[in-house]
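Below are the chains, spelled out letter by letter.
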Amino acid sequence: METELFVRYGPALLYGFGITILCWLAGSIGGVIVGFILACLNRWGPHALSWVIYVYVEIIRGTPFMIQLFILYYGGPYIGLVLSPVQAGITSFVVYGSPYFAEIFRSGFNAIPKGQIEAARCVGMPETRILWRIILPQMLVPITAPLTNFFIILTKETAILSVVTVPELLFQTQTMAAETFTFVEPFLALSLFYWLMVLVTGWIGAKVEQRVTRHLKRA
Amino acid sequence: MNFSFDTIWHNLPYLLAAARWTILISVSGMAISLVWGTALCATRLSANPFLRGAAVLYISFFRGVPLLVQLLLFYYALPYVGLDLPAVQAAILATGLCSAAYTAEILRGALQSIPSGQTEAAYALGIPSFSLWRRILVPQAVRIGMPSLVNELILLVKVSSLASVVGIGELTRISQNITGETYRPLEIYITAAVIYFAINWVLSISGRLIEKKLQIG
Amino acid sequence: MSKEQMTTTADDAIITVRNLSKYFDDFEALRDITLDVKRSEVLCLIGPSGSGKSTLLRCLNFLEQYDGGEVHLDGELIGWQDISHNPRKPLSGEALRKQRQHIGMVFQHFHLWPHMSALDNVAEALTSVKKLSKKKAKEAAMAALTKVHLEDKAENYPANLSGGQQQRVAIARAIAMEPQVMLFDEPTSALDPELVGEVLSVMKDLAAEGMTMVVVTHEMGFAAHVADRVAFLDSGRLVTCVPPEEMFGREPDDARVRSFLQTYRERNVV
Ligand SMILES: Nc1ncnc2c1ncn2[C@@H]1O[C@H](COP(=O)(O)OP(=O)(O)OP(=O)(O)O)[C@@H](O)[C@H]1O
Ligand SMILES: [Mg+2]
């Protein structure tokens, strides 16, 4: 019985897992990139822009992801933005994640002592080089933990994409549950699976953190 | 396309009525979260390794599984184990049990930031352990953890939207229903977003006020 | 070394400061400072806390944008494009970087980059600013570290160096760029007393080699023995600028200088 179910639904579940990972990875990477650009604009861009960014960050952080997803997916076509469920899922991840990432990067920038940047200016280093060589490498230390944390949040947020029929893991499980009239076991198994995914993400984050803090240890 | 303020105006009463459910779910969820979270935190800090391990496992699981999946699991599993709760209660319970995992960690962090000298001083005075918790440690932990707890409540307001999936008529669900009738998703969902934002804005403002009060008191 | 009075001709002055003023919002941090630093001269800046010593030093390499007056290095106006233009416009980043390469700076708290080894701290600007090859940069960096007697600590990260060693790396980082002048802002104030000597001795060597140095310091012994002139600042104003024998030797005329130095006399430093 069990094996038969697995043979029947295995491919769909595997496909769902692939979609989950795709949305998660693409959304996270996009979110990190946009968030980083926002943080840079906030720091080095014109003053008026930092106001716009502030409002954007507050709006996104003050509203549920699900509503943002609905606005994009159902409201988008009314302003000429027609997206497939997966496209909408990834885009909404970028929109939703970037303000949080921007905040993480902002606090990372602020964690670098001003004197170190002045010292770099004093030897004539260009600002881009200072960002690349002085700020970024050190920023990894304070931001790794919050970044990992947010990647974990996003891992879990992928489940919400099922609501707009993104064929990800939860969606596939729901389909299977409805067709087989078994509910408890599949959702229990699914829970364990997400749990595992989150644990693995956390473990990778901890490893990265160990790596980036190496130079701070006294020999 | 033309943005129809009329649609918003007509449906605003329904949306606001639905927002009361949003608030009810998140506030009751928070209440459960605080009570259960405190117990969980105490268990997590207990001397008994089995209790401690169980708490660690609980916290890890509830923080590791999407709340939506937890809600569905709860929704289907409760009748299975013979508990027939109405959907709203089930959603509140699930939200509270999940949030408790976070609250427990917030309280633990706060407790650990209280200088251990205070505990020692209390023991030196012969204050019994339970009173120590109730009168000295917990009040301080709540005060230190206040910003994070308010944050957690704001989070609950946002995740209460997930209850729409199991058919509860809170703000998100009602927005979906209205959209189904009016075919005006942009207007309705943006209005819903504004309402969510307003609730959270009020919460964060009051949070800051409470924080100030607690600091003086 | 020349030990004449303040009346210097522009020719032998490498830094000229004319009517310099600096505001932080409404607060006047520096007022009407006029001062020359000659080639190979060691000028010490002393004065009570908050008198504007750091601010003056930081105006010299435009870490602070001064509001009024001029600072010239070797005849070139520092920081601003053109002072006749109102409001003043700062130089482009590129031009400012060019100027700063000629001005080395050492801070009270070292400000080494903790994620780079001592050698990389020194070599960084040699590759990224002076565009030396990696190999050449390492050689030059090693030479600079040797000058501050730290050749055997080249591979250490700052976390594994003592305060005195960190400050010497910071000095090496600055001198590796072969600047025309060196600015020091209380280079020994953050150090344990037993580590002060090693840093001061490196600075003495630099002075003996003929480096032009402007040093904000509370080490009156250093000021008395190494400086060519000592300038005293109070409330953002230059009170006096005289050779050390005059500053420390006889009873100073100015009451502010007198009371400032008194505290040091009581501690038997001078
Ligand atoms: N960035 C700033 N913003 C506002 N005020 C400042 C700033 N930097 C310095 N000041 C003020 O300018 C005055 C001079 O400061 P400065 O740091 O130059 O003093 P200092 O002589 O170096 O003192 P110390 O011996 O304590 O280092 C002080 O009153 C200080 O408060
Ligand atoms: Mg100073």
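Small disclaimer: the values here were computed from a predicted structure and weren't measured. (Residues numbered from 1 in each chain as written. Chains lettered and ligands numbered in written order. Predicted model: local features only at pLDDT ≥ 70, side-chain atom pairs only at ≥ 80, totals over all residues. Heavy atoms only, no water.)

Visitor: Describe the UniProt feature "domain: ABC transmembrane type-1" (unreviewed entry) in chain A, with residues and values.
Guide: As recorded in UniProt, the feature "domain: ABC transmembrane type-1" (unreviewed entry) lies at residues 17-205 of chain A. Taken end to end, residues 17-205 of chain A has its terminal C-alpha atoms 21 Å apart, with 83% of it in helix and 0% in strand. (UniProt positions renumbered as here; feature names shortened; annotations may be inferred. Helix = DSSP H or I, 4+ residues; strand = E, 2+ residues; numbered from the N terminus.)

Visitor: Before we move on, can you summarise the pairing of strand β1 (residues 13-24) of chain C with the specific residues and values?
Guide: All names here are of chain C. Sheet topology note: the β1/strand β2 (residues 27-38) ladder contains eight bridges and is antiparallel. Pairing of Ile-15 across the sheet is with Val-37, part of β2. One ladder, built from five bridges, connects β1 with strand β4 (residues 68-73); its direction is antiparallel. Its bridge partner lying in β4, Ile-15 is registered against Leu-73. (Pairing = 2+ DSSP bridges.)

Visitor: Which residues make up the packing of helix α8 (residues 184-212) of chain A against helix α3 (residues 67-80) of chain B, and what values go with them?
Guide: Orientation of α8 of chain A relative to α3 of chain B, taken along the N-to-C sense of each, is 145°, at an axis distance of 9 Å. Regarding α8 of chain A and α3 of chain B, the two cross each other, and that crossing is left-handed. On the side of α8 of chain A, the interface is formed by Val-184, Glu-185, Phe-187, Leu-188, Leu-190, Ser-191 and Tyr-194 of chain A, while α3 of chain B contributes Val-69, Leu-72, Leu-73, Tyr-76, Ala-77 and Tyr-80 of chain B. Here the residues of the contact of α8 of chain A with α3 of chain B are counted per class, giving 11 nonpolar, one polar and one charged. (Axes fitted to C-alpha atoms, helices over the stretch in contact; angles between N-to-C directions. Left-handed = near helix turned anticlockwise from the far one by under 90°. Contact = heavy atoms within 4.5 Å. Nonpolar A, V, L, I, M, F, W, Y, C, P; charged D, E, K, R; others polar.)

Visitor: Explain the sheet that holds β2 of chain C residue by residue, including any values.
Guide: Residue and element names in this part refer to chain C. On the basis of which strands lie adjacent, the open sheet formed by four strands has the order β2-β1-β4-β5 and antiparallel pairing. A strand with exactly one partner marks an edge of an open sheet, and here the two such strands are β2 and β5 (76-77). Here two bridges tie β4 to β5, and the two strands are oriented antiparallel to one another. Bridged to His-72 within β5 is Leu-77. Sitting on the sheet, helix α1 (residues 53-60) touches β1, β2 and β4, and the angle it makes with β1 is about 120°.

Visitor: Run through the site of ligand 1, naming residues and quoting values.
Guide: Residues and elements named next belong to chain C. Near ligand 1 there are 13 residues, and of these Ser-49, Gly-50, Lys-53, Ser-54 and Thr-55 occur at the shortest range. The contact in question runs from an oxygen atom of ligand 1 to an N or O atom on the side chain of Lys-53, over 2.8 Å. Between an oxygen atom of ligand 1 and a side-chain N or O atom of Ser-54, the distance comes to 2.6 Å. Protein coverage of the free-state accessible area of ligand 1, which is 630 Å², stands at 59%. At the level of secondary structure, the elements contributing two or more residues to the shell around ligand 1 comprise β2 and α1. For the shell around ligand 1, the element with the most residues is α1, which contributes three residues. Within the shell around ligand 1, the residues separate by chemical class into four nonpolar, seven polar and two charged. (Near = heavy atom within 4 Å. Polar contact = N/O pair within 3.5 Å; in protein donor to acceptor, adjacent residues only side chain to side chain. Areas by Shrake-Rupley, 256 points an atom, 1.4 Å probe, with all protein chains shown as cover.)

Visitor: Summarise a nonpolar patch on the surface; cite the residues concerned and give the values.
Guide: A contiguous nonpolar patch, built from Leu-25, Ile-29, Ile-33, Ile-37 and Leu-41 of chain A and spanning about 420 Å² of accessible area, is present on the exposed surface. You can see Leu-25 of chain A is positioned in helix α1 (residues 2-44). (Patch = residues over 30% accessible without salt bridge, like charges linked within 9 Å, V, L, I, M, F, W, Y side chains within 5 Å. Salt bridge = Lys/Arg side-chain N within 4 Å of Asp/Glu carboxyl O.)

Visitor: Describe the interface of chain A and chain B, and please don't skip the residues or the numbers.
Guide: With 34 residues of chain A at the interface, the matching set in chain B holds 33 residues. Regarding the contact of chain A and chain B, the summed buried area is about 2900 Å², with carbon and sulfur atoms giving 78% of it. Across the chain A-chain B interface, the total number found is zero salt bridges. At the junction of chain A with chain B, the criterion picks out seven residue pairs in polar contact (both at pLDDT 80 or more). Secondary structure elements with two or more residues in the side of chain A that touches chain B: α2 (47-62), α3 (65-75), α7 (169-180) and α8 of chain A. Residue contributions to the side of chain A that touches chain B peak at 11 residues, all from α8 of chain A. Of the residues in the side of chain A that touches chain B, the class split is 24 nonpolar, six polar and four charged. (Buried area = accessible area lost by both parts, 1.4 Å probe.)

Visitor: With reference to specific residues and values, describe the UniProt feature "transmembrane region" (unreviewed entry) in chain A.
Guide: All names here are of chain A. UniProt tags residues 12-39, 51-72, 130-154 and 187-208 as "transmembrane region" (unreviewed entry). Here residues 130-154 runs as 100% helix and 0% strand, with 31 Å between its end C-alpha atoms. Helix makes up 100% of residues 187-208 and strand makes up 0%, while its end C-alpha atoms are separated by 31 Å.

Visitor: Could you give an account of the UniProt feature "domain: ABC transporter" (unreviewed entry) in chain C, naming the residues involved and the relevant values?
Guide: Under the UniProt annotation, the feature "domain: ABC transporter" (unreviewed entry) is placed at residues 15-260 of chain C. As annotated, residues 15-260 of chain C has a helix share of 36% and a strand share of 25%, and its two end C-alpha atoms lie 27 Å apart.

Visitor: Describe the interface of chain C and chain A, listing the residues and the values that go with them.
Guide: Reports of interface size often rely on the accessible area that becomes lost once the parts have come together. Each partner contributes to the interface: chain C provides 26 residues, whereas chain A provides 22 residues. Of the roughly 2100 Å² buried where chain C meets chain A, counting both sides, 60% is carbon and sulfur surface. In terms of surface lost to chain A, no three residues of chain C exceed Arg-97, Trp-113 and His-115 of chain C, which account for 26% of the buried area on that side. For the pair chain C and chain A, the interface holds three salt bridges. For Arg-129 of chain A, the salt bridge goes to Glu-124 of chain C, with nearest N and O atoms at 2.9 Å. Inspection of the chain C/chain A interface yields six residue pairs in polar contact (both at pLDDT 80 or more). At the level of secondary structure, the elements contributing two or more residues to the side of chain C that touches chain A comprise α2 (93-100), β6 (103-106) and α3 (118-128) of chain C. Counting residues per element, the side of chain C that touches chain A draws most heavily on α3 of chain C, which supplies four residues.

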